Structure formats: C-alpha cells, structure tokens
Amino acid sequence: MEEQDYEPYDVDEIQRILETAARRRNSARWAIALALGLRQGEALGIQWPDVNWDRWDRACKKHQSPFCAECFEHHTPEIGVRRNRLRPKYKHGCSTPCGRKFAGYCPQRVSTRRETAPTKSRAGKRYIGLPKQLALLLVRHQAAQAQERALAADLWEETGYVFTKPTGQPLVPNTDYHHWKELLREAKVGERRLHDARHTAATVLLLLEVPERTVMSIMGWSSTSMAARYQHVTDRIRRGVASRVDGLLWAPPETASDDGEGALEVA
C-alpha cells in the first residue's frame, strides 16, 4: 500500500537533483527514481538482462554504430521490473563472542535473508519504456561500469546488477538511502523521503495527462484508487510541470553529447 501523505518535488528541485547526481557515480539510479517512479527495491534489483535494448545495441545500417542516438526512434528499449532488492539481515557467525551488539557488524556474520524477492503483485511485474535521454544515460552508465570492472580486476564480483558498489556487489538499501540524503544536501534541496521521488514521477505523469491506465502500468499499481491520491497536487507543481517537465527531466548533462559519447561517472 502506498503512503497517503506525500510531498512531490517541483521542477526546479528535480533539475537541481539531476544536475548534482550527474557528478556522482550511479547517477542513473536517481534519474530512474524521478522519471520512472520505481520503488527503491525495484531500482536496486534491476539486472542487465532486465534491460531490453530492442536491438538498439547493434550497429545500425546507416551509421554502423551501436546505441546510435540518431536511430533511437526505430527502437523501443525498456526495463523489466521483476524483483525487489531486500534489506540484508544477518546473524552472528563467530564461534566466540565478537563483542559486536548488532550481527551486521560481526566479522563472521552470516546472511539469513535472500538477496531479492519477486515483485509483490502481478501489477508490480511490468515493463517500462525508456525515454531517449534516460536510455542514453544507461548506455553511458554501462560503459562506466565496464571501466570500474577493469579497474577492480580480481576484486570485481560479477553479480549482473545495473547499480553496484565499485567492486560489483549490489547496493545495500540502507547505503542507498544515505546516498540519497547526501545528494539532497549537495543539491541544496529540502529534506525529503526517498519515496517522494516515486510520488514525483506519478504526479508528473498525471499532470501531463497520461491516461490513468498507462500511469497504473508504469507505476505498478493494481487499483485506480492509487491514482486518485495524486490528484491533490499543489498549484506550484501544476504550474511548473505542465510546460517545462520534458526538457528538465530528460535533458542530458551539459558535458554529455547527444550521441552518448564522453566520460561519465557510473550511474
């Protein structure tokens, strides 16, 4: 069940967050939160096989280039949402007491919870189309992750996740939460819950008059009552989003060219 009380970001705040995120690793993780409205566990649970490039990753006939920005319109890349990354849970594994109160700090801790779980409902398991600029951001993220893999060498642990630590392990939800708080402070945006990024995406879709059923599909809602909760948006959001959201949400960083080339921190 979604939370009833929420405070979506306005367009200026979204812009500051994305501009600040572009200077950090895993920047695409926050673009996905604000643009596609994935829940935290859903975003952290994405693996590369879940990304369907729809043959866009193959060299095009006209330019002989994979991920050709000019030929994007001939493809429909999408992300499959299939699983949730769970918060780790541990028990002490030490034969003699280690002195650590919490099992998570035990040097020989033992995991007692599986890494992921399937989405909770049929509606939650879904495919979401990728807008061009977000798709290009994921391409740059994939290239940056490959650089990290090479740099880590034998320390790299191949897990297949899109968003990882510098040595390949999946991100921990609690660490991801603290990264979000750091991002807000750096962007000089007021303290807000991570889940408000999801509320923002839903609000934007409704203000752009995307059909309710389509919004339900994108957000993974199973009930129309969920959409009704987002009708109570502020006038400030309504005025700001209507004419400006597309350019602000999808505009790539100024240092990145439209063809997706150029260095980028792991997103």
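Residues numbered from 1 in each chain as written. Predicted model: local features only at pLDDT ≥ 70, side-chain atom pairs only at ≥ 80, totals over all residues. Heavy atoms only, no water.

### Side note on the environment of Asp 57
So the rule is basically this: Labels follow the DSSP assignment, with helices taken as runs of H or I lasting at least four residues and strands as runs of E lasting at least two, numbered in each case from the N terminus. Here a residue-residue contact requires only that any non-hydrogen atoms of the pair lie within 4.5 Å.
In this fold, Asp 57 is placed in the loop between strand S1 (51-52) and strand S2 (78-81). For the pair Asp 57 and Cys 68, spaced 11 residues apart in sequence, the C-alpha separation works out to 8.2 Å. Those residues in contact with Asp 57 that lie beyond four places of it in its chain are Pro 66 and Phe 67.

### Remarks on the state of the cysteines
Operational definition: Here, the term disulfide refers to a pair of cysteine sulfur atoms separated by no more than 2.5 Å. Partly exposed residues are those whose accessible area sits between 20% and 50% of the maximum for their type, while under 20% is buried and over 50% is exposed, using a 1.4 Å probe and protein chains only.
Under the definition given, this model contains zero disulfides. Note on Cys 60: no disulfide assigned, nearest cysteine sulfur contributed by Cys 71 at a separation of 3.9 Å. Taking relative accessible area as the criterion, Cys 60 reaches 11% and is therefore assigned buried. Free cysteine Cys 94: the closest other cysteine sulfur is in Cys 106, separated by 3.7 Å.

### Here we look at the nonpolar core
What counts, and what does not: We call a set of buried Ala, Val, Leu, Ile, Met, Phe, Trp, Tyr and Cys residues a nonpolar core when their side-chain atoms join them within 4.5 Å.
Counting residues in each nonpolar core, the largest one holds 52 residues, and the members touching the most others are Ile 17, Leu 36 and Trp 180. Mapped by element, the contributors of at least two residues to this core are helix H1 (11-21), helix H2 (27-36), helix H3 (40-44), S2, helix H4 (132-152), helix H5 (173-187), helix H6 (195-207) and helix H7 (212-219). Of all the elements, H2 adds the most residues to this core, at eight residues. Discounting chain neighbours no more than four positions away, the residues touching Leu 36 are Ala 31, Ile 79, Ile 128, Gly 129, Leu 130, Pro 131, Leu 134, Ala 201, Ile 218 and Met 219.

### Points about the confidence of the model for the protein chain
As a reminder of what qualifies: Confidence of the predictor at the level of single residues is captured by pLDDT, which takes values from 0 to 100.
Scored by pLDDT, the protein chain comes out at a mean of 81, with 81% of its residues at no less than 70. The least confident element of the protein chain, judged by mean pLDDT, is helix H9 (residues 235-250) at 49; the most confident is S1 at 96. Below a pLDDT of 50 lies the segment residues 241-246, which in the model reaches nine contacts outside its immediate sequence neighbourhood of four places, other chains included. Predicted confidence is poor over residues 255-264, with pLDDT under 50, and the contacts of this stretch with residues over four places away or in other chains come to 16 contacts.

### Observations regarding unusual backbone geometry
Although it is not a glycine, Asp 54 sits at a positive phi angle of roughly 50 degrees. With respect to the element layout, Asp 54 can be found in the loop between S1 and S2. Positive phi, normally seen in glycine, also occurs at Ala 153, with a value near 55 degrees. With respect to the secondary-structure elements, Ala 153 resides in the loop between H4 and H5.

### Some points on the pairing of S2
Residues in a regular strand point their side chains to alternate faces of the sheet. How we decide: For two strands to be treated as a pair, DSSP must find at least two bridges joining them.
Summarising the sheet, S1 and S2 pair through two bridges and their orientation is antiparallel. Its bridge partner being in S2, Asn 52 is matched across the sheet by Glu 78. The pairing of S2 with strand S7 (residues 126-129) spans four bridges and is classified as antiparallel. Bridging across to S7, Gly 80 finds its partner in Tyr 127.

### Overview of the environment of Leu 36
Secondary-structure assignment places Leu 36 in helix H2. The class of Leu 36 is buried, set by a relative accessible area of 4%. Spatially, the C-alpha atoms of Leu 36 and Pro 131 are 9.6 Å apart, while their sequence positions differ by 95 residues.

### Considerations on the side chain of Thr 20
Here Thr 20 lies in helix H1. Discounting chain neighbours no more than four positions away, the residues touching Thr 20 are Leu 183, Glu 186 and Ala 187.

### What to know about the pattern of salt bridges
Filter applied, for reference: In what follows, salt bridge is the name for a side-chain nitrogen of Lys or Arg lying within 4 Å of a carboxyl oxygen of Asp or Glu.
Enumeration according to the criterion identifies 11 salt bridges in this entry. A salt bridge links Asp 50 to Arg 82; the nearest nitrogen and oxygen atoms lie 2.4 Å apart. One end of the pair, Asp 50, is in the loop between H3 and S1; the other, Arg 82, is in the loop between S2 and strand S3 (83-85), and 32 residues separate them in sequence. A residue is classified by how much of its surface remains accessible, and Asp 50, at 3% relative accessible area, is buried. What emerges from the salt-bridge pattern is a single network uniting Arg 24, Glu 182 and Glu 186.

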